[in-house]
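The primary structure of each chain is shown beneath.
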Amino acid sequence: DVKVTQSSRYLVKRTGEKVFLECVQDMDHENMFWYRQDPGLGLRLIYFSYDVKMKEKGDIPEGYSVSREKKERFSLILESASTNQTSMYLCASSSERFLAASQETQYFGPGTRLLVL
Amino acid sequence: GQQVMQIPQYQHVQEGEDFTTYCNSSTTLSNIQWYKQRPGGHPVFLIQLVKSGEVKKQKRLTFQFGEAKKNSSLHITATQTTDVGTYFCGAGSYQLTFGKGTKLSVIP
């Protein structure tokens with residue numbers, strides 16, 4: 001079974017703090033994604049990566065950065081946390097880049113619920 | 001990215017009733033994927049549709065992709081309490097854009 005793990009289930013931080021959210025997958029997947037999930041807004045893509053040291057902006061990258069130094073690990077960084085970044089953060093991975101050509105899917109981690117005070 | 005609108009946002013049904021959620025787009029979609037998220041859980045892949053007019057079934061769940069590949073539906077026959085959760089559709093060839101989801105409540 002594919003396993004995607006996230007470093008924390010719950011996190012409480014203060015405004016202005018630098019926050020690191022870690023994601024690790026154990027299936028040698030090329031592609032990794034970070035989403036945030038908010039009530040009424042669904043899942044929104046923040047950043048994604050198709051390879052080590054490679055990153056691309058998603059729909060809502062402002063206020064975030066990412067790091068992918070190793071294939072299995074994809075980190076989301078909040079440089080200076082703000083209250084509007086309080087949310088559920090979900091990491092996902094997939095092996096196929098071209099999703100429509102195969103039955104490959106995205107495998108999601110359990111999520112990190114972040115509260116910024 | 002490909003934009004998808006999903007309706008309804010919420011649905012409450014009596015156990016045994018049917019349930020349907022719809023995803024619509026103004027543009028032709030390359031594919032559509034469906035996910036289920038249980039309360040307190042994370043999204044779990046259900047199925048992908050890629051062909052015009054495609055229909056797939058998984059037990060009580062029926063998934064359809066429209067002829068014009070601009071809409072899709074998920075239909076659950078005779079809901080059970082285990083069907084409770086939020087159902088999302090997502091579309092995109094390389095990264096998914098998700099609908100806002102339909103939250104299903106089943107009254108026993």
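Residues numbered from 1 in each chain as written. Chains lettered and ligands numbered in written order. Predicted model: local features only at pLDDT ≥ 70, side-chain atom pairs only at ≥ 80, totals over all residues. Heavy atoms only, no water.

A word on the overall build of chain A
Now for step 1: Scanning chain A from N- to C-terminus turns up 0 helices and 11 strands.
Now for step 2: The helix and strand sequence of chain A, counted from the amino end, reads β-β-β-β-β-β-β-β-β-β-β.
Now for step 3: The C-alpha radius of gyration of chain A comes to 14 Å, within 12% of the 13 Å expected for a compact globule of 117 residues.
Now for step 4: Principal-axis analysis of the C-alpha atoms places the extent of chain A at approximately 40 × 30 × 25 Å.
Now for step 5: Within the span of chain A, comprising 117 residues, buried residues form 50% of the whole.
Now for step 6: Within chain A, counting contacts between residues at least 6 apart in sequence, those at least 24 apart form 57% of the total.
Now for step 7: Element-wise, carbon and sulfur atoms account for 49% of the exposed surface of chain A, whose accessible area totals about 5,600 Å².
Now for step 8: In chain A, 16 positive and 16 negative side-chain charges are present, and the distance between their average locations comes to 7 Å. (Helix = DSSP H or I, 4+ residues; strand = E, 2+ residues; numbered from the N terminus. Rg over C-alpha atoms; globule rule 2.2 N^0.38 Å. Buried < 20%, exposed > 50% of the residue type's maximum accessible area, 1.4 Å probe, protein only. Contact = heavy atoms within 4.5 Å. Areas by Shrake-Rupley, 256 points an atom, 1.4 Å probe, with all protein chains shown as cover. Lys, Arg positive; Asp, Glu negative; His and termini not counted. Charge placed at Lys NZ, Arg CZ, Asp CG, Glu CD.)

A closer look at the interface of chain B and chain A
Now for step 1: On the chain A side, the residues contacting the 23 residues of chain B number 25 residues.
Now for step 2: Summed over both partners, the interface of chain B with chain A comes to about 1,900 Å²; 53% of that surface belongs to carbon and sulfur atoms.
Now for step 3: Where chain B packs against chain A, one counts 0 salt bridges.
Now for step 4: Applying the counting criterion to the chain B and chain A interface returns 5 residue pairs in polar contact (both at pLDDT 80 or more).
Now for step 5: Those elements that place two or more of their residues in the side of chain B that touches chain A are strand S4 (32–37), strand S5 (44–49) and strand S10 (97–98) of chain B.
Now for step 6: Among the elements that take part in the side of chain B that touches chain A, S4 of chain B stands out by supplying 3 residues, more than any other. (Buried area = accessible area lost by both parts, 1.4 Å probe. Salt bridge = Lys/Arg side-chain N within 4 Å of Asp/Glu carboxyl O. Polar contact = N/O pair within 3.5 Å; in protein donor to acceptor, adjacent residues only side chain to side chain.)

Things to note about the sheet that holds strand S8 (residues 73–78) of chain A
All names here are of chain A.
Now for step 1: Spatially, 4 strands are ordered S1-S3-S8-S7 in an open sheet, and the strand pairing comes out antiparallel. Single-partner strands in this sheet number two, and they are strand S1 (4–6) and strand S7 (64–70). Put simply, the sheet's adjacent strands are angled 20° from each other on average, direction ignored. (Pairing = 2+ DSSP bridges. Axes fitted to C-alpha atoms, helices over the stretch in contact; angles between N-to-C directions.)

Remarks on the state of the cysteines
Now for step 1: One pass over the structure, following the stated rule, counts 2 disulfides over all chains.
Now for step 2: Here cysteine 23 of chain A connects covalently by a disulfide to cysteine 91 of chain A, the sulfurs 1.9 Å from one another. One quick way to see it: the torsion about the S-S bond of cysteine 23 of chain A and cysteine 91 of chain A is about -75°, and its sign makes the bridge left-handed. You can see cysteine 23 of chain A sitting in strand S3 (residues 19–25) and its partner cysteine 91 of chain A sitting in strand S9 (residues 87–94), a full 68 residues away along the chain.
Now for step 3: Cysteine 23 of chain A gets classed as buried once you look at its relative accessible area, which sits at 0%.
Now for step 4: Residue pairing for cysteine 23 of chain B: its cysteine sulfur links by disulfide to cysteine 89 of chain B, the two sulfurs lying 1.8 Å apart. Taking the sign of the torsion about the S-S bond as the criterion, the disulfide between cysteine 23 of chain B and cysteine 89 of chain B, at about -95°, is left-handed. (Disulfide = S-S within 2.5 Å.)

Thoughts on the pairing of S4 of chain B
All names here are of chain B.
Now for step 1: With 6 of its 6 residues buried, S4 lies for the most part within the structure.
Now for step 2: For S4 and S5, the ladder comprises 5 bridges, and the chain directions are antiparallel. Bridge pairing links tyrosine 35 to phenylalanine 45 in S5.
Now for step 3: Counted along the chain from S4 to the antiparallel partner S5, the turn is 6 residues long, and its residue glycine 40 has a positive phi close to 80°.
Now for step 4: Note: S4 against strand S9 (residues 85–91), 5 bridges, orientation antiparallel. Looking at S9, one finds that tyrosine 35 is bridged to phenylalanine 88.

A word on the packing of aromatic side chains
Given two aromatic rings, one states the distance between the centres and the angle between the planes to describe the pair.
Now for step 1: Taken as a whole and judged by the stated rule, the model has 12 aromatic pairs over all chains.
Now for step 2: Between the aromatic rings of phenylalanine 19 of chain B and tyrosine 87 of chain B, the centroid separation amounts to 5.8 Å while the plane-to-plane angle is 45°, which identifies the pairing as tilted. Remark: tyrosine 87 of chain B occurs in strand S9 and phenylalanine 19 of chain B occurs in strand S3 (residues 19–24); sequence separation between them is 68 residues.
Now for step 3: Judged by its relative accessible area of 1%, phenylalanine 19 of chain B is buried.
Now for step 4: Overall, the relative accessible area of 1% leaves tyrosine 87 of chain B in the buried class.
Now for step 5: Connected via pairs of aromatic rings, a cluster forms that spans Phe33, Tyr35, Phe48, Tyr50 and Phe108 of chain A together with Tyr35, Phe45, Phe88 and Phe98 of chain B. (Phe/Tyr/Trp six-rings, centres within 6.5 Å; stacked < 30°, edge-to-face > 60°.)

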